[in-house]
Amino acid sequence: MALAFDEFGRPFIIIREQEQKARVRGIEAQKANIMAAKAVARILRTSLGPKGMDKMLQSPDGDVTISNDGATILEQMDVDNQIGKLMVELSRSQDYEIGDGTTGVVVTAGALLEQAELLLDRGIHPIRIAEGYEMASKIAVEHLSNIATKFEFSSTNIEPLVQTCMTTLSSKIVSRCKRKLAEIAVKAVLAVADLERRDVNLDLIKVEGKVGGKLEDTELIEGIIVDKDMSHPQMPKRIENAKIAILTCPFEPPKPKTKHKVDIDTVEKFESLREQERKYFDEMVQLCKDAGATLVICQWGFDDEANHLLMNRGLPAVRWVGGVELELIAIATGGRIVPRFQELTPDKLGNAGLVREKSFGTTKDRMLYIEQCSNSRAVTIFIRGGNKMIIEETKRSIHDALCVARNLIRNNAIVYGGGSAEISMSLVVDAAADKIPGVEQYAMRAFAEALDAVPMALAENSGLQPIDTLTAVKAQQVKEKNPHLGIDCNNVGTNDMKEQNVFETLIGKQQQILLATQVVKMILKIDDVITPSSY
Amino acid sequence: MAIGSENLFKEEATEEKGERARMASFIGAIAIADLVKTTLGPKGMDKILQSTGRGNSVTVTNDGATILKSLHIDNPAARVLVDISKVQDDEVGDGTTSVVVLAGELLREAEKLIAKNIHPMTIIDGYRMAAECARAALEKRARDNKADPVKFREDLLNIAMTTLSSKILAQDKLHFANLAVDAVLRLKGSGNLEAIQIIKKAGGSLKDSFLDEGFILDKKIGIGQPKRVENAKILVANTAMDTDKIKIYGARVRVDSMAKIGEIEAAEKSKMRQKVEKIIGHGINCFVNRQLIYNFPEELFADAGILAIEHADFDGIERLALVTGGEIASTFDNPESVRLGHCKLIEEIMIGEDKLIHFSGVDLGQACTIILRGASSHVLDEAERSLHDALCVLQQTVGDSRVVLGGGWPEVLMARHVDELARKTPGKKSLAIESYATALRAIPTIIADNSGLDSAELVAQLRAEHAKEDSTAGIDVILGAVGNVEKLGIFESFKVKQAVLLSATEAAEMILRVDDIIKCAPRQREDRM
């Protein structure tokens, strides 16, 4: 196929070594691509919603992850197919941008492709389908902002935020104590939020986990936790009103970067060098002491002698603290990170009301709590749980909840969840389709069909009759002109998501539709797949 | 469908979906539970573990966590169970077998429910409600004797005996329970198990094990130094006593004649001498160093009549610093500000064939040493693990002093309350709640089975007994009948039981929620074998 003939009729090769490459073209290629994308979507479909199931993933090294988070599942799945990789990317970009709805976006994309396949069978050109989808997505996104409601909250009234985070958490394994975790997430976000600028820097929230205890023991700490202990076992375990020196230089003799040798050839030199060395340590500790520090946190290690001197002068110290933690400590305590002892001055020290060491369980695990900081804008969420997998999954869930809370602070428009928004969009797109002349009409109808996939999957995962439930809700929405009706996943007894308090953020939903449409368009436009065959 | 999923993953990666995934994880988890099942209870059997590493070393153990830790498991669900037993070990130290067995039983029951077409989420809902109800029931019946020290000690002793009775130490459980309780009570609630040192010495019998109030260091005293020091002032140090290197980077010695080498050597010697003099200047008569002490300084110490101990490892000096109240020193310029450790008497003692250094009459009365004697190293290892379990449980109980009865009593009690809950609950959940009760009752059944008793009969009798309020009936494995466990003195820590209950439920829930298992292709490794 990739052969061409020159003017003398001799064949020449366009794609080199074509016999070693697998190649699929035209409608075949589109079909194969859609297949692959659908396979990915099918894996995630059952994870959707509050009754969604988890996936167990075993990594190449044999570690086990159990997760319900779409982005995590896809990330760990080690997909080999190119189109499969596109779907993974899709979920990842939703995760980066919004942080939630990573499963929904893949399921929507899968449904769109499924519908496109039917249209392709009818002989509609893929580009026309893509255009129709584009138009439909515009209408859908616009409609979303129409049905969106502003929702008010303030730093004193956090209840609405908590409710939204609870919706996010209810599909995860941590749903048992979703109320508590939602509150923690909201408080954490509010602590670091800049309400005037409507901005939240999630980097200021550190999520730390420790195996053991119950999920209910998870707590929000207004300060920083460092998984380290005092450098000397006999240093005090509790320091009140600590003045913290944050250092990035080791308590060791200096190591000049230029290459050098110090030659010792006489006894005097030997002696003086020894004296010098002793002085170094003395000076270092003295400089810290002079600056008024009562706690030293250092990124590097200590020499045994320096360690003892610190202890001897009553200056507790922590060594080998990671760079990220160091920055957070600096932010929280209002201190400056000091790279040289000489530059240590009293105003560069950080302040913390209480620094304490806490030990866990029967093993010698200890952690350092830095609390009551002068600037409480860095907080830590400390997760406890029965085992490592629970902790990891909780971390991911908390991350989702944090993102949702952040999105709400950025933009406080919401739409209702439980598939209600999708059903409403589907109705609008379907109605709009009739007014469009041309082949795009079919594509738009297909789009409306595809939107039904999310509520359908929700109903299916909740053990309801998918078609019955969906049609009933749809009819009700049309009759009552109420876009808040969705699938009653938890058997509460009402379809009205407003009453059930199930929200999602408007940007999250809009992003889902836009991203899914984009990826689908991209996949539809591919008509030739060339892969080097495996050797 | 086949086209799409065929090449979705890398080669050798596998995916299992829906029912098959669930089956695979159930079977894996239940297999693990069945593996450790026979070690449960006072008449549980031990397992021999042979490592594949060099020497094919053999471990004989009854401890669930140790068994599971040594297994190489491929099944992902089974790993979840291994994980919870490890956490149980870290967190409360005991109940490592129970937690796996309970989780296994919960899954076994869940499997039956799924066969009846009940959705896993419904089962999870039911399990959660049941777990909460069981916990509450147990909490209500827990008793707290903290206020009364005599009774509290009795509780502790009973708990220790219950824990030890399933282990190799069962023969001398009273002896060891006393040892453990004494050791933990010495900590005075500080809960720092590091202060309790366990030294294993082969030889003698388990009965010869004893608790020593004080501290024993498994080291030798330097030659020519006093073997016995009274009213010792101890300096605990972490410093180089070989050749004290200059730490300034890039320093090296370069000389042009032999004479100069001699001079530098002399300077080095004098440096060491000064250092030793400074150390002696602290007014001590015992010096313990973490690092080596070379012959030269050792000789100097011997001349000054100071007992010098070299190469005490990290744990050793930290504990020694802890018990003698001294600080670990690395510089010796300010003798007045260094806190020295004190003890009444240091002497060399003999245990079996070995000489050890014994510090008695230490400042801080918290520390103590337990010396284990036993016929072989396997016995000693297992004894240490058992004792460790007991110590952990006791430490936890000192922290949370609530205790409950043992011997199948808590399970049957919880099962009864859960059963009641099932009757009140409408909907399919009640089936799951009922199954939870059945799973709980499986524990006494296994204990009875392992003891060679008629489990069905016993558990049925036990249920009947528990229909009465405030029953204290449990299984008496010695008589092979239902007995009053309160009178038999079988107690367990509430905290351990609660942790077993919650972790097992959590693990079962996690496995139940899975409907898809994706195994990535194993990483290619070069064959080194």
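Residues numbered from 1 in each chain as written. Chains lettered and ligands numbered in written order. Predicted model: local features only at pLDDT ≥ 70, side-chain atom pairs only at ≥ 80, totals over all residues. Heavy atoms only, no water.

A. Examining the overall build of chain A more closely. Of regular secondary structure, chain A possesses 17 helices and 22 strands. Along the longest, intermediate and shortest principal axes, the C-alpha atoms of chain A span 95 × 75 × 45 Å. Sorting the 535 residues of chain A into buried and exposed places 56% on the buried side. Contacts spanning at least 24 positions in sequence make up 73% of the contacts within chain A whose residues lie at least 6 apart. Surface summary for chain A: the accessible area is close to 22,500 Å², and the carbon and sulfur share equals 49%. (Helix = DSSP H or I, 4+ residues; strand = E, 2+ residues; numbered from the N terminus. Buried < 20%, exposed > 50% of the residue type's maximum accessible area, 1.4 Å probe, protein only. Contact = heavy atoms within 4.5 Å. Areas by Shrake-Rupley, 256 points an atom, 1.4 Å probe, with all protein chains shown as cover.)

B. Examining the overall build of chain B more closely. For chain B, the count of helices and strands is 17 helices and 20 strands. Sorting the 529 residues of chain B into buried and exposed places 55% on the buried side. Counting only contacts in chain B whose residues sit at least 6 apart along the sequence, the fraction spanning at least 24 positions is 75%. Of the roughly 22,800 Å² of accessible surface on chain B, a fraction of 51% belongs to carbon and sulfur atoms.

C. How the structure looks around the nonpolar core. Leu247 and Phe251 of chain A together with Tyr436 of chain B are the most contacted members of the largest nonpolar core, which has 205 residues in total. At eleven residues, the largest contribution of residues to this core is made by helix H17 (residues 494–512) of chain B. Leucine 247 of chain A has contacts with Cys288, Val296, Ile297, Cys298, Gln299, Leu326, Val338, Phe341 and Leu344 of chain A, leaving out every residue within four places of it along the chain. (Core = buried A, V, L, I, M, F, W, Y, C linked by side-chain atoms within 4.5 Å.)

D. Here's a closer look at the packing of helix H4 (residues 102–121) of chain A against helix H5 (residues 126–147) of chain A. Residue and element names in this part refer to chain A. Running from N to C, H4 and H5 cross one another at 140°; their axes reach a closest spacing of 10 Å. Considering their axes alone, H4 and H5 lie oblique with respect to each other. Note on packing geometry: the crossing formed by H4 with H5 is right-handed. When H4 is examined against H5, the residues Leu112, Gln115, Ala116, Leu119 and Leu120 are found in contact with a partner set consisting of Pro126, Ile129 and Tyr133. Here the contact of H4 with H5 is built from residues that sort into seven nonpolar, one polar and no charged. (Axes fitted to C-alpha atoms, helices over the stretch in contact; angles between N-to-C directions. Parallel < 35°, antiparallel > 145°, perpendicular 65-115°, else oblique. Left-handed = near helix turned anticlockwise from the far one by under 90°. Nonpolar A, V, L, I, M, F, W, Y, C, P; charged D, E, K, R; others polar.)

E. Geometry of unusual backbone geometry. Of note in this structure, asparagine 241 of chain A is not a glycine but carries a positive phi near 45°. Considering the arrangement of structural elements, one finds asparagine 241 of chain A in strand E12 (residues 238–247). Of note in the backbone geometry, asparagine 117 of chain B takes a positive phi value of approximately 65° without being a glycine. A relative accessible area of 69% places asparagine 117 of chain B in the exposed class.

F. Structural detail: the sheet that holds strand E4 (residues 54–58) of chain A. As summarised here, the arrangement of the four strands in space is E5(A)-E4(A)-E20(B)-E1(B), forming an open sheet in which the pairing is mixed. Sheet topology places strand E5 (64–67) of chain A together with strand E1 (14–17) of chain B at the edges, where each strand pairs with a single neighbour. Neighbour-to-neighbour, the strand axes of this sheet turn through a mean angle of 15°, independent of strand direction. As defined by bridge partners, E1 of chain B adjoins strand E20 (residues 514–519) of chain B across four bridges and the pair is classed as antiparallel. Looking across to E20 of chain B, one finds that threonine 14 of chain B is bridged to lysine 519 of chain B. (Pairing = 2+ DSSP bridges.)

G. Examining the pairing of strand E8 (residues 228–237) of chain B more closely. Residue and element names in this part refer to chain B. Both E8 and strand E13 (residues 341–351) contribute to a ladder of six bridges, which runs antiparallel. Within E13, the position partnered with alanine 232 by the bridge is cysteine 343. Here four bridges tie E8 to strand E10 (residues 286–289), and the two strands are oriented parallel to one another. Bridging across to E10, leucine 235 finds its partner in phenylalanine 287. Direction of pairing for E8 relative to strand E12 (residues 328–329): parallel, over a ladder of two bridges. Within the sheet, the bridge partner assigned to valine 236 lies in E12 and is isoleucine 328.

H. Fine view of the interface of chain B and chain A. Contact with chain B, which involves 86 residues of that partner, is made by 81 residues of chain A. In total, chain B and chain A occlude about 7,500 Å² of area from one another, counting both sides; carbon and sulfur atoms represent 55% of this. Remark: the boundary between chain B and chain A carries two salt bridges. Notably, a salt bridge pairs aspartate 54 of chain A with arginine 513 of chain B, separated by 3.0 Å at the nearest N-O pair. Put simply, chain B and chain A have seven residue pairs in polar contact (both at pLDDT 80 or more) between them. The greatest single-element share of the side of chain B that touches chain A, amounting to ten residues, is contributed by helix H4 (residues 76–91) of chain B. In terms of residue class, the side of chain B that touches chain A is made up of 34 nonpolar, 18 polar and 34 charged. Pairing of E4 of chain A with E20 of chain B, which is carried by five bridges, proceeds in the parallel orientation. Each residue of the ladder has a partner; that of methionine 56 of chain A, found in E20 of chain B, is isoleucine 517 of chain B. (Buried area = accessible area lost by both parts, 1.4 Å probe. Salt bridge = Lys/Arg side-chain N within 4 Å of Asp/Glu carboxyl O. Polar contact = N/O pair within 3.5 Å; in protein donor to acceptor, adjacent residues only side chain to side chain.)

I. Layout of the side chain of lysine 497 of chain B. Residue and element names in this part refer to chain B. In this structure, lysine 497 sits in helix H17. Classification of lysine 497 as buried rests on a relative accessible area of 7%. The residues contacting lysine 497, other than those within four sequence positions of it, are Leu138, Val404, Pro410, Glu411 and Glu492.

J. Representation of the side chain of arginine 128 of chain B in the model. Among the secondary structure elements, arginine 128 of chain B is positioned in helix H6 (residues 120–141). Take arginine 128 of chain B: its relative accessible area is 17%, and that puts it in the buried class. Those residues in contact with arginine 128 of chain B that lie beyond four places of it in its chain are Ile173, Ser175 and Arg176 of chain A together with Glu509 of chain B.

K. How the structure looks around the packing of aromatic side chains. Residues and elements named next belong to chain A. Scanning the model with the defined rule gives four aromatic pairs over all chains in all. With a centroid separation of 5.7 Å and 65° between ring planes, the pair formed by tyrosine 133 and phenylalanine 447 is classed as edge-to-face. Here the residue tyrosine 133 occupies a position in helix H5, and phenylalanine 447 occupies one in helix H13 (residues 440–451), the gap between them amounting to 314 residues. Given the relative accessible area of 1%, phenylalanine 447 is considered buried. Judged by centre distance (6.4 Å) and plane angle (75°), the rings of tryptophan 300 and tryptophan 320 are edge-to-face. Taken together, the residues span a long stretch of sequence, with tryptophan 300 in the loop between strand E14 (295–298) and helix H9 (304–312) and tryptophan 320 in the loop between strand E15 (317–318) and helix H10 (323–333) at a distance of 20 residues. Across from the ring centre of tyrosine 369, 4.5 Å away, lies the NZ or CZ of arginine 356, which sits over that ring. (Phe/Tyr/Trp six-rings, centres within 6.5 Å; stacked < 30°, edge-to-face > 60°. Lys NZ or Arg CZ within 6 Å of the ring centre and 35° of its normal.)

L. Summary view of the sheet that holds strand E10 (residues 219–221) of chain A. Residue and element names in this part refer to chain A. Strand order in this open sheet of three strands is E9-E19-E10, and the pairing throughout is mixed. The open sheet has two edge strands with one neighbour each: strand E9 (205–211) and E10. If you compare each strand with its neighbour and ignore which way they point, the axes differ by 25° on average. This element, helix H11 (residues 388–410), spans E9 and strand E19 (379–385) of the sheet and lies at about 160° to E9.

M. Spotlight on the pattern of salt bridges. In this structure the tally under the stated criterion is 42 salt bridges over all chains. Where lysine 395 of chain A meets glutamate 392 of chain A, a salt bridge forms, and the shortest distance between an N and an O atom there is 3.9 Å. Taken together, the residues span about one helical turn, with lysine 395 of chain A and glutamate 392 of chain A both in helix H11 at a distance of three residues. Taking the relative accessible area as the measure of exposure, glutamate 392 of chain A reaches 34% and is therefore partly exposed. A network of salt bridges, in which partner residues are shared, links Asp34, Lys37, Glu105 and Arg108 of chain B.

N. Examining H5 of chain A more closely. Counted at 1.5 Å a residue, the expected span for H5 of chain A with its 22 residues is 32 Å, and the 31 Å between its end C-alpha atoms agrees. Buried residues of H5 of chain A: Pro126, Ile129, Ala130, Gly132, Tyr133, Ala136, Ser137, Ala140, Val141, His143, Leu144 and Ile147 of chain A, and no others. (Expected span 1.5 Å × (residues − 1).)

O. The environment of alanine 473 of chain B, seen in detail. Residue and element names in this part refer to chain B. With respect to the helices, strands and loops of the structure, alanine 473 is situated in strand E17 (residues 473–476). With 268 residues separating them in the primary sequence, alanine 473 and serine 205 have C-alpha atoms 36 Å apart. Non-local contacts of alanine 473, meaning those with residues more than four positions away in its chain, are made with Trp409, Leu462, Glu465, His466, Val482, Gly483 and Val485.

P. Quick peek at the pairing of strand E15 (residues 368–374) of chain B. Residues and elements named next belong to chain B. Where burial is concerned, most of E15 is hidden: seven out of the seven residues are buried. Residues Cys368, Ile370, Leu372 and Gly374 of E15 are buried on one face, and the alternating residues Thr369, Ile371 and Arg373, pointing to the opposite face, are buried as well. Summarising the sheet, strand E5 (residues 196–202) and E15 pair through seven bridges and their orientation is parallel. Bridge pairing in E15 links isoleucine 198 to isoleucine 370. In this sheet, E15 lies alongside strand E6 (residues 210–212) in antiparallel orientation, the contact comprising three bridges. By the bridge assignment, aspartate 212 is partnered in E15 with threonine 369.

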